[in-house]
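So you can see what is in the structure, the chains are spelled out below.
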Amino acid sequence: MVEIASLQELSGKIRGGVIRSEEVMASAYDQIEAHDSDLNVFRSRMDRETALKKAREIDQRIASGEKLGPLAGIPVSIKDNICIQDPELNGSCASAILEDFASPYDAHVVERLKAADAIIIGKTNMDEFAMGSSTENSAYGPTLNPWDRERVPGGSSGGAAVSVASGMVLLALGSDTGGSVRQPASLCGVTGVKPSYGSVSRYGLVAYGSSLDQIGCLAKSSEDCSYALEVIQGHDPRDSTSSDRTLEGDGADLRELGGASPRAGKPARRRRGWRLPL
């Protein structure tokens, strides 16, 4: 994977024309093609050529002088219980019951990601209907921990955590009811954040426990999660529990947490540059 200090730095270099989005995407798909068949991360994803075409379009828009969003050209994954209107990315909540379901609309967070010019490349495996803590309870088989394939990656957002830990994406969205973002982040050596209830719209998230569910971010650092949360947060009138208050500032409070999630015995430096013993 392309080595970076932070998601914000990489985004700035892409928008500044220093690094091409196509280069980042090609690196991500090298990881996917090398390891997804073993780790079982994605439930559905774009083929390589489609993703590279979208990345080239980002590069062309930048070259033409267009000002793009804060996640321009960044490969992102979303959990299989977050709706997206895309024929290549059908969502089933990892259940055979919904195997052929095609969403007729985008979740609020998906709208925000698209507006920020991120490239959503796939939907990640999970415990069926988010009911589990190990990502072993998917109708499509378990997801494996990239650090040790004899161990679970946690859940229910295990696929999301592994997609980041293995360098297949730079940012993933999951859902957290009672730990389903934070726990797999811990087990996979990345950072996961469950935002305050109501700060991120649940519109387009398949419910588990509506009074507890929240969409959260998984990335390699608290700084990256903070940067992403600034994109996906905000009031949404379609969610009756959506707060009309916006988190303000530059995310410094979150970044000050440093190693926000436990590292499962893996030192932070091991995550830098996305190098894993795969």
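Everything numeric here is computed off the predicted structure, so don't read it as measured data.

Quick word on the overall build of the protein
Reasoning step 1: A tally of helices and strands in the protein yields 8 helices and 6 strands.
Reasoning step 2: Ordering the α and β elements of the protein from the N terminus gives α-α-β-α-β-α-β-α-β-α-β-β-α-α.
Reasoning step 3: Here the protein holds 278 residues, and the buried ones make up 57% of them.
Reasoning step 4: The contacts in the protein between residues at least 6 apart in sequence include a share of 72% that link residues at least 24 apart.
Reasoning step 5: Element-wise, carbon and sulfur atoms account for 47% of the exposed surface of the protein, whose accessible area totals about 11300 Å².

A few points about the state of the cysteines
As used here, a disulfide is simply a covalent bond connecting the sulfur atoms of two cysteines.
Reasoning step 1: For the structure shown, the criterion picks out 0 disulfides.
Reasoning step 2: In this model cysteine 217 remains outside any disulfide bridge; the closest cysteine sulfur is found in cysteine 225, 5.6 Å from its own.
Reasoning step 3: By relative accessible area, cysteine 217 is classed as buried at 0%.

Focus: the confidence of the model for the protein
Reasoning step 1: Per-residue confidence for the protein gives a mean pLDDT of 90, with 87% of residues at or over 70.
Reasoning step 2: Across residues 254–278, where pLDDT falls below 50, the model places 61 contacts with residues more than four positions away in sequence or in other chains.

What about the packing of helix H1 (residues 7–15) against helix H7 (residues 222–232)?
Reasoning step 1: Two numbers describe how H1 lies on H7: the axes approach to 8 Å, and their chain directions differ by 60 degrees. With respect to H7, the element H1 is oriented oblique. Taking contact as the criterion, the partners of Leu7, Gln8, Ser11 and Arg15 in H1 are, on H7, Glu223, Asp224 and Tyr227.
Reasoning step 2: Within the contact of H1 with H7, the residues separate by chemical class into 2 nonpolar, 2 polar and 3 charged.

Quick word on the environment of glycine 167
Reasoning step 1: Its place among the elements puts glycine 167 in the loop between helix H5 (158–165) and strand S4 (171–176).
Reasoning step 2: Glycine 167 sits 138 residues away from tyrosine 29 along the chain, and the two C-alpha atoms are 9.1 Å apart.

Overview of unusual backbone geometry
Reasoning step 1: Cis geometry is adopted by the peptide bond preceding serine 156, which originates at glycine 155 and carries an omega value of 10 degrees.
Reasoning step 2: Checked against the element boundaries, serine 156 lands in the loop between strand S3 (119–124) and H5.
Reasoning step 3: You will see that phenylalanine 129, though not glycine, has its phi angle at about 55 degrees, which is positive.
Reasoning step 4: Locating phenylalanine 129 in the fold gives a position in the loop between S3 and H5.

Comments concerning the layout of surface pockets
Reasoning step 1: Roughly 280 Å³ of volume is contained in the second largest pocket.
Reasoning step 2: As for the second largest pocket, its lining consists of 14 residues, of which Lys54, Lys114, Ala118, Ile119 and Ile120 are closest to the centre.
Reasoning step 3: At the level of elements, helix H3 (48–63) and S3 are the ones that each hand at least two residues to the lining of the second largest pocket.
Reasoning step 4: A total of 4 residues in the lining of the second largest pocket trace back to one element, the largest contributor, which is H3.
Reasoning step 5: The residue inventory of the lining of the second largest pocket, partitioned by class, reads 7 nonpolar, 1 polar and 6 charged.

Conventions adopted
- Residues numbered from 1 in each chain as written.
- Predicted model: local features only at pLDDT ≥ 70, side-chain atom pairs only at ≥ 80, totals over all residues.
- Heavy atoms only, no water.
- Helix = DSSP H or I, 4+ residues; strand = E, 2+ residues; numbered from the N terminus.
- Buried < 20%, exposed > 50% of the residue type's maximum accessible area, 1.4 Å probe, protein only.
- Contact = heavy atoms within 4.5 Å.
- Areas by Shrake-Rupley, 256 points an atom, 1.4 Å probe, with all protein chains shown as cover.
- Disulfide = S-S within 2.5 Å.
- pLDDT = per-residue confidence, 0-100.
- Axes fitted to C-alpha atoms, helices over the stretch in contact; angles between N-to-C directions.
- Parallel < 35°, antiparallel > 145°, perpendicular 65-115°, else oblique.
- Nonpolar A, V, L, I, M, F, W, Y, C, P; charged D, E, K, R; others polar.
- 1 Å grid on protein atoms, 1.4 Å probe; cavity = no way out; pocket = protein on both sides within 12 Å on 5 of 7 lines; lining within 4 Å.
- Points joined across faces, edges and corners; volume = space filled by probe spheres on them.

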